[in-house]
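Chain by chain, the residues:
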Amino acid sequence: MRRAHNVCLQASESLLKEHYDDLKDRPFFPSLVSYMNSGPVCAMVWEGMNAVKTGRVMLGETNPADSKPGTIRGDFCIQVGRNIIHGSDSVESAKHEIGLWFKPEELVSYTSCSHDWLY
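Here the structure is a predicted model, which is why all the values come from computation and not from measurement.

Once that is clear, we can look at the state of the cysteines. The final tally for this structure, using the stated rule, is one disulfide. Here Cys8 connects covalently by a disulfide to Cys42, the sulfurs 2.2 Å from one another. Judged by the torsion about the S-S bond (95°), the Cys8/Cys42 disulfide is right-handed. One end of the pair, Cys8, is in strand β1 (residues 2-9); the other, Cys42, is in strand β2 (residues 41-45), with 34 residues separating them in the sequence. Classification of Cys42 as partly exposed rests on a relative accessible area of 48%. The cysteine Cys77 is free of any disulfide, with Cys42 supplying the nearest cysteine sulfur at 14 Å.

Another aspect to go through is the environment of Trp117. The residue Trp117 is located in helix α6 (residues 115-118) in this model. Residue classification places Trp117 among the exposed residues on the basis of a relative accessible area of 73%. Sequence spacing of Trp117 and Arg56 is 61 residues, and the spatial spacing of their C-alpha atoms is 24 Å.

Here is what the cut-offs are and how they apply
One numbering rule holds for all chains: residues counted from 1, following each sequence as written. For a predicted model such as this one, the threshold for reporting local features is a pLDDT of at least 70, and the threshold for listing and counting side-chain atom pairs is 80 or more; totals across whole chains, interfaces and linings nevertheless cover every residue. Calculation of side-chain values draws on the structure's entire complement of heavy atoms; hydrogens and water are dropped beforehand. Put simply, a disulfide is two cysteine sulfurs that come within 2.5 Å. Here a strand is any run of E in DSSP of at least two residues, a helix any run of H or I of at least four, and the numbering for each starts at the N terminus. Partly exposed describes any residue whose relative accessible area lies between the buried limit of under 20% and the exposed limit of over 50%, with all areas from a 1.4 Å probe on protein chains only and scaled to the type maximum.

Geometric values such as these leave the question of function open.
Structure representation (C-alpha cells):
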C-alpha cells in the first residue's frame, strides 16, 4: 500500500509551535514560527522504499550553501532560516509529523500499477 496526500493551507501558530517543539529553546524559534506563518505551506506525505532518506537527498542540506545544485535547497534557498522546505529526519518523526498535519481519513491508500514491477 502507498499513501499520498498533500494540502496547501495557512498553518496556525499553534500547529507550527507544536511541529517545531524540539526547537522551542533555540534563539531562532520565534523567527522560524513567524516565517512559517507568513504564508501558506504545502504539507505532503510521501511513502515508499527509503522515502525519508531519498526525500532528504532531494531536499538538500540544512544549510543551502552546502546543498548540491539540483536539490530544492540548492536551487531555491540562500540562508538556513529561510530554506523553504522541511523534511522529516526519520520514520518515527515522519509518523509524528504526519499525525500533526493530517487526520487518518485524509490519507489516500492505494497500490500503484507499477508496484509489482518495482518491488
